[in-house]
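Reading the structure
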Amino acid sequence: MRYLVSRAIVIHEMTPRRKRALYTGRYVPITNRPRYELKKFVNAMNGIFPPEQVLGEDESKALQRRHAETPTILHEFYRVWRLSGPDAINHQCKLWREINEYWANMATQLVGVPGAGAAIRHNGRPGQTPRKEALRLFIEFLLNPECDRLAGPCARCGKYYIRGSVRNKLYCSRSCGTRSTALAATRKRRDNEHADKLRRAQKAADKWIEHGHTRLDWKTWVTRKEPDITSKFLTRAVNNGELQSPLEDKKL
Ligand SMILES: [Zn+2]
(Lines give C-alpha, C1' and ligand atoms only; values in the text may rest on other atoms or scores of the structure.)
Protein backbone atom coordinates (compact mmCIF):
# COMPACT_ATOMS: atom_id res chain seq x y z
CA MET A 1 0.00 0.00 0.00
CA ARG A 2 1.27 3.45 -0.86
CA TYR A 3 0.16 6.84 0.34
CA LEU A 4 -0.19 10.09 -1.42
CA VAL A 5 0.88 12.06 1.65
CA SER A 6 -1.25 14.99 2.63
CA ARG A 7 1.63 17.51 2.62
CA ALA A 8 0.59 19.57 -0.36
CA ILE A 9 2.31 22.45 -2.11
CA VAL A 10 0.09 25.06 -3.66
CA ILE A 11 1.44 26.31 -6.95
CA HIS A 12 0.98 29.77 -8.32
CA GLU A 13 0.79 30.53 -11.96
CA MET A 14 1.74 34.04 -13.00
CA THR A 15 -0.12 35.70 -15.83
CA PRO A 16 2.46 37.67 -17.84
CA ARG A 17 0.69 41.10 -17.71
CA ARG A 18 -0.87 41.30 -14.32
CA LYS A 19 1.39 39.46 -11.98
CA ARG A 20 -1.48 38.05 -10.05
CA ALA A 21 -1.20 34.68 -8.39
CA LEU A 22 -3.79 32.17 -9.45
CA TYR A 23 -4.46 28.99 -7.59
CA THR A 24 -4.41 26.35 -10.25
CA GLY A 25 -3.93 23.15 -8.36
CA ARG A 26 -1.85 21.26 -5.91
CA TYR A 27 1.19 19.11 -6.20
CA VAL A 28 0.88 16.08 -4.02
CA PRO A 29 3.94 13.89 -3.80
CA ILE A 30 3.29 10.17 -4.00
CA THR A 31 5.74 9.23 -1.30
CA ASN A 32 7.36 10.48 1.84
CA ARG A 33 10.39 8.32 1.01
CA PRO A 34 11.26 9.65 -2.46
CA ARG A 35 14.88 8.48 -2.51
CA TYR A 36 14.01 4.98 -1.40
CA GLU A 37 11.25 4.68 -4.02
CA LEU A 38 13.49 6.15 -6.71
CA LYS A 39 16.20 3.61 -5.89
CA LYS A 40 13.66 0.82 -6.36
CA PHE A 41 12.67 2.23 -9.73
CA VAL A 42 16.32 2.55 -10.86
CA ASN A 43 16.82 -1.09 -9.86
CA ALA A 44 13.85 -2.10 -12.03
CA MET A 45 15.35 -0.11 -14.93
CA ASN A 46 18.56 -2.11 -14.40
CA GLY A 47 16.68 -5.41 -14.22
CA ILE A 48 16.90 -5.86 -10.45
CA PHE A 49 13.61 -6.69 -8.73
CA PRO A 50 12.78 -7.38 -5.08
CA PRO A 51 11.92 -11.00 -4.34
CA GLU A 52 8.24 -11.82 -4.84
CA GLN A 53 6.18 -14.73 -3.63
CA VAL A 54 4.48 -16.62 -6.41
CA LEU A 55 1.89 -19.35 -6.29
CA GLY A 56 1.87 -21.96 -9.00
CA GLU A 57 3.56 -22.34 -12.34
CA ASP A 58 1.47 -19.75 -14.18
CA GLU A 59 2.39 -16.99 -11.75
CA SER A 60 6.00 -18.04 -11.85
CA LYS A 61 6.04 -17.81 -15.66
CA ALA A 62 4.33 -14.41 -15.56
CA LEU A 63 6.93 -13.21 -13.06
CA GLN A 64 9.82 -14.39 -15.23
CA ARG A 65 8.33 -12.62 -18.24
CA ARG A 66 7.82 -9.42 -16.24
CA HIS A 67 11.40 -9.43 -15.03
CA ALA A 68 12.73 -10.16 -18.50
CA GLU A 69 10.68 -7.65 -20.49
CA THR A 70 9.71 -4.78 -18.16
CA PRO A 71 13.16 -3.09 -18.03
CA THR A 72 13.31 -2.67 -21.84
CA ILE A 73 9.81 -1.11 -21.87
CA LEU A 74 10.85 1.22 -19.03
CA HIS A 75 13.93 2.34 -21.00
CA GLU A 76 11.66 3.26 -23.91
CA PHE A 77 9.23 5.17 -21.63
CA TYR A 78 12.13 7.00 -20.04
CA ARG A 79 13.57 7.95 -23.42
CA VAL A 80 10.20 9.33 -24.64
CA TRP A 81 9.69 11.20 -21.37
CA ARG A 82 13.19 12.76 -21.50
CA LEU A 83 12.72 13.79 -25.13
CA SER A 84 9.36 15.45 -24.52
CA GLY A 85 10.82 17.92 -22.03
CA PRO A 86 9.22 19.59 -18.99
CA ASP A 87 5.72 19.73 -20.50
CA ALA A 88 5.80 16.02 -21.13
CA ILE A 89 2.47 15.24 -19.51
CA ASN A 90 0.63 17.68 -21.77
CA HIS A 91 1.91 16.10 -24.96
CA GLN A 92 -0.70 14.11 -26.78
CA CYS A 93 1.66 11.29 -27.65
CA LYS A 94 0.93 7.59 -27.50
CA LEU A 95 2.74 7.08 -24.21
CA TRP A 96 0.70 9.74 -22.41
CA ARG A 97 -2.56 8.36 -23.73
CA GLU A 98 -1.51 4.95 -22.48
CA ILE A 99 -0.52 6.34 -19.08
CA ASN A 100 -3.79 8.22 -18.71
CA GLU A 101 -5.77 5.16 -19.66
CA TYR A 102 -3.92 3.06 -17.09
CA TRP A 103 -4.38 5.75 -14.44
CA ALA A 104 -8.11 6.03 -15.15
CA ASN A 105 -8.56 2.31 -14.56
CA MET A 106 -6.51 2.27 -11.38
CA ALA A 107 -8.57 1.71 -8.25
CA THR A 108 -7.90 4.44 -5.68
CA GLN A 109 -9.44 5.08 -2.30
CA LEU A 110 -9.31 7.87 0.26
CA VAL A 111 -8.18 6.50 3.61
CA GLY A 112 -7.29 7.86 7.02
CA VAL A 113 -3.62 7.83 8.03
CA PRO A 114 -1.88 8.03 11.43
CA GLY A 115 -1.86 11.64 12.60
CA ALA A 116 -5.51 12.13 11.61
CA GLY A 117 -4.83 13.13 8.03
CA ALA A 118 -6.00 11.37 4.91
CA ALA A 119 -4.23 9.75 1.99
CA ILE A 120 -5.03 8.24 -1.36
CA ARG A 121 -4.48 4.51 -1.38
CA HIS A 122 -3.85 2.52 -4.49
CA ASN A 123 -2.98 -1.04 -5.16
CA GLY A 124 0.72 -1.81 -5.34
CA ARG A 125 0.25 -5.21 -6.96
CA PRO A 126 2.45 -5.90 -10.01
CA GLY A 127 0.78 -5.57 -13.42
CA GLN A 128 -0.34 -8.72 -15.21
CA THR A 129 1.72 -8.15 -18.32
CA PRO A 130 5.22 -6.62 -18.64
CA ARG A 131 3.69 -3.55 -20.33
CA LYS A 132 1.13 -3.03 -17.54
CA GLU A 133 3.84 -3.50 -14.93
CA ALA A 134 6.00 -0.94 -16.74
CA LEU A 135 3.09 1.53 -16.79
CA ARG A 136 2.44 1.00 -13.08
CA LEU A 137 6.11 1.54 -12.18
CA PHE A 138 6.46 4.50 -14.52
CA ILE A 139 3.43 6.31 -13.06
CA GLU A 140 4.89 5.81 -9.57
CA PHE A 141 8.15 7.20 -10.87
CA LEU A 142 6.47 10.27 -12.39
CA LEU A 143 4.72 10.94 -9.08
CA ASN A 144 8.06 10.85 -7.26
CA PRO A 145 9.13 14.43 -6.43
CA GLU A 146 12.74 13.45 -7.19
CA CYS A 147 12.04 11.90 -10.59
CA ASP A 148 14.31 14.39 -12.37
CA ARG A 149 17.27 12.86 -10.55
CA LEU A 150 17.11 9.73 -12.64
CA ALA A 151 19.89 9.64 -15.24
CA GLY A 152 21.53 7.26 -17.62
CA PRO A 153 22.44 5.09 -19.28
CA CYS A 154 26.01 5.46 -18.00
CA ALA A 155 28.46 6.07 -20.85
CA ARG A 156 30.69 3.26 -19.60
CA CYS A 157 28.60 0.50 -17.98
CA GLY A 158 25.16 1.28 -19.47
CA LYS A 159 23.38 1.34 -16.11
CA TYR A 160 20.73 3.85 -15.03
CA TYR A 161 21.50 5.80 -11.86
CA ILE A 162 20.44 8.55 -9.46
CA ARG A 163 22.28 11.73 -10.33
CA GLY A 164 24.04 13.14 -7.27
CA SER A 165 24.96 16.52 -8.75
CA VAL A 166 24.55 18.34 -12.03
CA ARG A 167 28.22 17.74 -12.87
CA ASN A 168 27.74 13.99 -12.84
CA LYS A 169 26.14 13.77 -16.26
CA LEU A 170 27.84 11.00 -18.19
CA TYR A 171 28.78 8.30 -15.72
CA CYS A 172 26.92 6.44 -12.99
CA SER A 173 29.82 6.61 -10.54
CA ARG A 174 33.21 8.14 -9.98
CA SER A 175 34.84 4.80 -10.74
CA CYS A 176 33.12 4.57 -14.15
CA GLY A 177 34.21 8.14 -14.87
CA THR A 178 37.88 7.65 -13.98
CA ARG A 179 38.10 4.26 -15.71
CA SER A 180 36.69 5.72 -18.85
CA THR A 181 39.16 8.65 -18.74
CA ALA A 182 42.03 6.25 -18.05
CA LEU A 183 40.98 4.15 -21.03
CA ALA A 184 40.91 7.18 -23.31
CA ALA A 185 44.41 8.17 -22.09
CA THR A 186 45.77 4.68 -22.80
CA ARG A 187 44.24 4.72 -26.27
CA LYS A 188 45.80 8.11 -26.98
CA ARG A 189 49.23 6.97 -25.78
CA ARG A 190 49.04 3.86 -27.99
CA ASP A 191 48.00 5.96 -30.98
CA ASN A 192 50.96 8.26 -30.41
CA GLU A 193 53.39 5.34 -30.12
CA HIS A 194 52.02 3.83 -33.30
CA ALA A 195 52.36 7.08 -35.22
CA ASP A 196 55.93 7.48 -33.99
CA LYS A 197 56.85 3.95 -35.13
CA LEU A 198 55.38 4.63 -38.57
CA ARG A 199 57.36 7.85 -38.88
CA ARG A 200 60.64 6.11 -37.99
CA ALA A 201 59.86 3.16 -40.29
CA GLN A 202 59.18 5.46 -43.24
CA LYS A 203 62.38 7.38 -42.59
CA ALA A 204 64.48 4.19 -42.46
CA ALA A 205 62.77 2.80 -45.59
CA ASP A 206 63.60 6.02 -47.45
CA LYS A 207 67.24 5.60 -46.38
CA TRP A 208 67.20 2.08 -47.84
CA ILE A 209 66.35 3.54 -51.26
CA GLU A 210 69.01 6.25 -50.94
CA HIS A 211 71.62 3.68 -49.95
CA GLY A 212 70.93 1.70 -53.12
CA HIS A 213 73.56 -1.03 -52.94
CA THR A 214 72.73 -3.31 -50.04
CA ARG A 215 72.01 -7.01 -50.03
CA LEU A 216 69.55 -6.63 -47.19
CA ASP A 217 65.89 -6.51 -48.13
CA TRP A 218 64.14 -3.34 -46.99
CA LYS A 219 62.30 -4.90 -44.04
CA THR A 220 65.45 -6.36 -42.53
CA TRP A 221 67.15 -3.03 -43.13
CA VAL A 222 64.45 -1.15 -41.25
CA THR A 223 64.33 -3.64 -38.35
CA ARG A 224 68.11 -3.31 -37.91
CA LYS A 225 67.91 0.49 -37.86
CA GLU A 226 64.91 0.51 -35.53
CA PRO A 227 65.13 -2.56 -33.25
CA ASP A 228 61.68 -2.08 -31.68
CA ILE A 229 60.04 -2.40 -35.11
CA THR A 230 59.34 -5.92 -36.34
CA SER A 231 59.01 -7.23 -39.86
CA LYS A 232 55.42 -8.19 -39.05
CA PHE A 233 54.63 -4.58 -38.06
CA LEU A 234 55.97 -3.40 -41.44
CA THR A 235 53.93 -5.94 -43.43
CA ARG A 236 50.77 -4.96 -41.58
CA ALA A 237 51.45 -1.22 -41.96
CA VAL A 238 51.95 -1.60 -45.72
CA ASN A 239 48.78 -3.70 -46.05
CA ASN A 240 46.81 -1.12 -44.06
CA GLY A 241 48.07 1.65 -46.28
CA GLU A 242 49.78 3.39 -43.35
CA LEU A 243 53.25 2.91 -44.76
CA GLN A 244 54.55 3.08 -48.30
CA SER A 245 56.73 0.19 -49.34
CA PRO A 246 60.01 1.39 -50.93
CA LEU A 247 59.60 -1.41 -53.52
CA GLU A 248 56.58 0.43 -54.92
CA ASP A 249 58.75 3.51 -55.24
CA LYS A 250 61.31 1.56 -57.25
CA LYS A 251 58.71 0.37 -59.73
CA LEU A 252 57.77 3.98 -60.55
ZN1 LIG B 1 28.74 3.25 -14.99
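Remember, it's a predicted structure, so these values are computed and weren't measured experimentally.

What counts and what doesn't
- Residues numbered from 1 in each chain as written.
- Predicted model: local features only at pLDDT ≥ 70, side-chain atom pairs only at ≥ 80, totals over all residues.
- Heavy atoms only, no water.
- Donors = N, O, S within 2.8 Å, 3.2 Å for Na, K, Ca; no water.
- Tetrahedral: all angles 85-135°; square planar, octahedral: opposite > 155°, others 65-115°.
- Helix = DSSP H or I, 4+ residues; strand = E, 2+ residues; numbered from the N terminus.
- Axes fitted to C-alpha atoms, helices over the stretch in contact; angles between N-to-C directions.
- Parallel < 35°, antiparallel > 145°, perpendicular 65-115°, else oblique.
- Left-handed = near helix turned anticlockwise from the far one by under 90°.
- Contact = heavy atoms within 4.5 Å.
- Nonpolar A, V, L, I, M, F, W, Y, C, P; charged D, E, K, R; others polar.
- pLDDT = per-residue confidence, 0-100.

**Quick word on the coordination of the zinc ion**
Every protein donor of the zinc ion is listed here as Cys154 (SG), Cys157 (SG), Cys172 (SG) and Cys176 (SG), and their distances to the metal cover 2.3 to 2.4 Å. Coordination at the zinc ion is tetrahedral: its 4 donor atoms span angles of 102 to 117° at the metal. Within one chain, the residues serving as donors to the zinc ion are arranged as C-x2-C-x14-C-x3-C. Placement of the pair is Cys154 in the loop between strand S6 (150-151) and strand S7 (161-162) and Cys176 in helix H5 (residues 174-211), with a sequence separation of 22 residues.

**Quick notes on the packing of helix H6 (residues 218-225) against helix H7 (residues 231-240)**
Relative orientation of the contacting elements H6 and H7 amounts to 120°, with a least axis distance of 9 Å. By the criterion of interaxial angle, the relationship of H6 to H7 is oblique. Of the two possible hands of crossing, H6 and H7 adopt the one that is right-handed. Along the contact surface, H6 presents Trp218, Lys219, Val222 and Thr223, while H7 presents Ser231, Leu234, Thr235 and Val238. Split into classes, the residues belonging to the contact of H6 with H7 amount to 4 nonpolar, 3 polar and 1 charged.

**Side note on the confidence of the model for the chain**
Mean pLDDT over the chain works out to 82, with 82% of the residues at or above the 70 mark. Confidence drops under pLDDT 50 across residues 1-16; counting only partners more than four residues distant or on other chains, this segment forms 51 contacts.

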